[in-house]
Amino acid sequence: MLPPNLLPTTLLATLPFWLPLTTAYTPLSESFLRAIPSPGDAFSIETTTTTTNTSLLAPLLIPRVPGTPGQQAAQAHLFNFFTTNLPAWNLTWQNSTSTTPATGSRQIPFANLIARRDPPWTKAGETNFLTLVAHYDSKLTPEGFIGATDSAAPCAILMWTAQVVDKYLTQMYDEMSALGEGGELAMDMGLQILFLDGEEAFVQWTDTDSLYGSRSLANQWSLSANPLPQQKFYKYRNPLSQISLFVLLDLLGEKGSKVPSYMPTTHWAYVALATVESRLRQLNLLETSSSSSSSSSSSQPTKNAPEDENDPSFLPDLNSTTASAKRAGISDDHLPFIHRGVETLHLIPKPFPNVWHTMEDDGAHLDLATVRDWARVMVGFVGEWLDLMEVWTEPEAEGEGTTTA
Ligand SMILES: [Zn+2]
């Protein structure tokens with residue numbers, strides 16, 4: 001969690017006043033950041049048939065239109081990834097159907113996959129979830145559209161993030177269980193990933209022809225009352241109120257794309273994310289850092305000039321004190337949640353990628369270094385939010401006189 005001075009006033013206002021903020025928030029250490037593994041071939045665009053395909057991304061680089069076999073293949077890939085690699089995660093499908101302007105009276109199926117990892121001691125309605133979100137459907141037209149940035153790559157980034165942080169999360173939950181800890185607001189933290197369906201319009205973007213999956217999920221959750229508290233004196237009233245922050249990734253994977261800070265009420269979270277990115281760049285742990293910044297020996301914080309073409313940062317508003325008021329929000333899967341009071345962080349570039357909604361938005365046009373770097377940044381952000389320094393052991397300093405720079 002974030003330190004009290006970074007807690008948004010809206011969150012503070014929702015906390016019972018008698019609850020002490022006991023969270024021992026600790027920024028990730030340099031050694032933790034260095035230990036974030038390389039994604040390697042996790043985002044390979046090649047599906048190999050000769051060996052076990054380990055790419056998280058390649059199986060999603062197909063048309064994934066709701067109601068077609070591609071949708072089912074994408075669903076199977078997402079589901080099988082968790083059951084095979086992360087069996088402790090709880091998986092739920094949230095299903096709905098709708099007609100669309102392109103498909104007449106036929107009911108088109110939409111299925112959101114909800115993947116959750118929560119503390120083993122919590123009961124229904126007791127966990128607050130950092131919630132990471134991307135849509136896995138693709139657009140009906142142009143025919144054969146892949147949507148690599150939109151949003152196959154963001155889905156794969158979230159899969160990899162889950163895999164990396166789960167190791168630490170498991171250790172933390174095990175240790176806390178053994179010590180009888182937990183049961184406090186700040187300790188009952190989990191991670192939730194939403195793979196949403198039906199984001200794209202079938203014909204033209206309108207309130208009813210778009211966001212099929214997210215509208216259904218937000219509505220269903222708003223009507224799903226959690227059981228009444230029995231032992232604890234706090235509880236979240238429904239699954240929407242369990243979302244501590246809704247982080248939506250969209251249109252990521254193009255080289256040079258920049259994501260501004262859109263939301264005044266979550267600018268603090270944007271800054272936390274951008275700070276992780278900046279620290280990783282200073283440690284030369286990101287592949288997209290320019291040669292000029294990687295050769296810098298200065299320990300000064302990176303000065304991010306948003307209009308500087310040589311600035312490799314994904315999140316240029318790090319040093320802004322507020323969100324960019326001039327930038328209008330963008331319609332996306334966060335809207336049905338915002339309308340129900342959920343705090344959101346929208347990670348979508350402005351301007352959109354050059355390949356947006358064209359046949360060129362395919363695997364070949366992705367910048368895989370950018371995809372890998374986004375994955376590293378997300379792991380750092382999630383690790384800090386979930387306070388994974390609690391289970392991090394600093395490696396022994398090698399040799400006498402080793403000091404931090
Ligand atoms: Zn799109």
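Residues numbered from 1 in each chain as written. Predicted model: local features only at pLDDT ≥ 70, side-chain atom pairs only at ≥ 80, totals over all residues. Heavy atoms only, no water.

By the naming in an unreviewed UniProt entry, the chain goes by Peptide hydrolase and is assigned to Periconia macrospinosa.

## Description of the pattern of salt bridges
The line we're drawing: For this document, the term salt bridge refers to a Lys or Arg side-chain nitrogen within 4 Å of an Asp or Glu carboxyl oxygen. Every helix listed is a DSSP run of H or I at least four residues long, and every strand listed is a run of E at least two residues long, numbered separately from the N terminus. Partly exposed describes any residue whose relative accessible area lies between the buried limit of under 20% and the exposed limit of over 50%, with all areas from a 1.4 Å probe on protein chains only and scaled to the type maximum.
Considering all chains together, one arrives at six salt bridges under this definition. As a salt-bridge pair, Glu 30 and Arg 34 come within 3.1 Å of each other at their nearest N and O atoms. Here Arg 34 and Glu 30 lie together in helix α2 (residues 30-35), a separation of four residues that amounts to about one turn. Residues Glu 287 and Arg 372 are paired through a salt bridge, measuring 2.8 Å at the closest nitrogen-oxygen approach. A residue pair is termed long-range when its members are at least 10 positions apart, and Glu 287 in the loop between α6 (267-282) and α7 (291-294) and Arg 372 in helix α9 (residues 368-385) qualify at 85 residues. Residue classification places Arg 372 among the buried residues on the basis of a relative accessible area of 18%. Here the salt bridges share partners, and the residues they tie into one network are Glu 287, Arg 372, Asp 373 and Arg 376.

## Regarding the sheet that holds strand β5 (residues 243-249)
Worth spelling out the cut-off: Strands pair, by our definition, only if DSSP identifies at least two bridges between them. Axis definition: a line fit to C-alpha positions, over the contact stretch in the case of helices; interaxial angles, taken between N-to-C directions, run 0 to 180 degrees. Any two residues having at least one pair of non-hydrogen atoms within 4.5 Å are treated as being in contact.
Ordered in space as β1-β2-β4-β3-β5-β6, the six strands form an open sheet in which the pairing is mixed. The outermost strands of the open sheet, each flanked by one partner alone, are β1 (90-98) and β6 (344-347). Strand after strand, the sheet turns through a mean of 20 degrees between neighbouring axes, direction not considered. In this sheet, strand β4 (residues 189-196) lies alongside strand β2 (residues 108-117) in antiparallel orientation, the contact comprising five bridges. The partner of Arg 117 across the bridge, within β4, is Leu 191. Sheet contacts for helix α3 (residues 69-85): β1, β2 and β4; angle to β2, the most-contacted strand, approximately 15 degrees.

## Focus: the nonpolar core
This is how it is decided: As used in this record, nonpolar core signifies buried Ala, Val, Leu, Ile, Met, Phe, Trp, Tyr and Cys residues forming a set joined through side-chain atoms within 4.5 Å.
If you look at the biggest cluster of nonpolar residues, it comprises 80 residues, and the most contacted ones within it are Phe 195, Val 247 and Leu 347. Ranked by residues supplied to this core, first place goes to helix α4 (residues 148-178) with 17 residues. Every residue in contact with Phe 195, bar those within four places of it in the chain, is listed here: Leu 78, Phe 82, Ala 111, Asn 112, Leu 113, Ala 134, Tyr 136, Cys 155, Leu 158 and Met 159.

## Brief notes about the packing of α4 against α9
Keep this limit in mind: For this classification, under 35 degrees means roughly parallel, over 145 means roughly antiparallel, 65 to 115 means roughly perpendicular, and everything else is oblique. Crossing handedness is defined as follows: a turn of the near helix away from the far one that is anticlockwise and smaller than a right angle gives a left-handed crossing, while the clockwise case is right-handed. Each residue receives one of three labels: charged for Asp, Glu, Lys and Arg, nonpolar for Ala, Val, Leu, Ile, Met, Phe, Trp, Tyr, Cys and Pro, and polar for the others, Gly being one of them.
Interhelical geometry of α4 versus α9 gives an angle of 45 degrees and a closest axis separation of 9 Å. With respect to α9, the axis of α4 lies oblique. Between α4 and α9 lies a crossing of right-handed hand. On α9, the residues that touch Ala 153, Ile 157, Trp 160, Thr 161, Val 164 and Val 165 of α4 are Val 371, Trp 374, Ala 375, Arg 376, Met 378, Val 379 and Val 382. Here the contact of α4 with α9 is built from residues that sort into 11 nonpolar, one polar and one charged.

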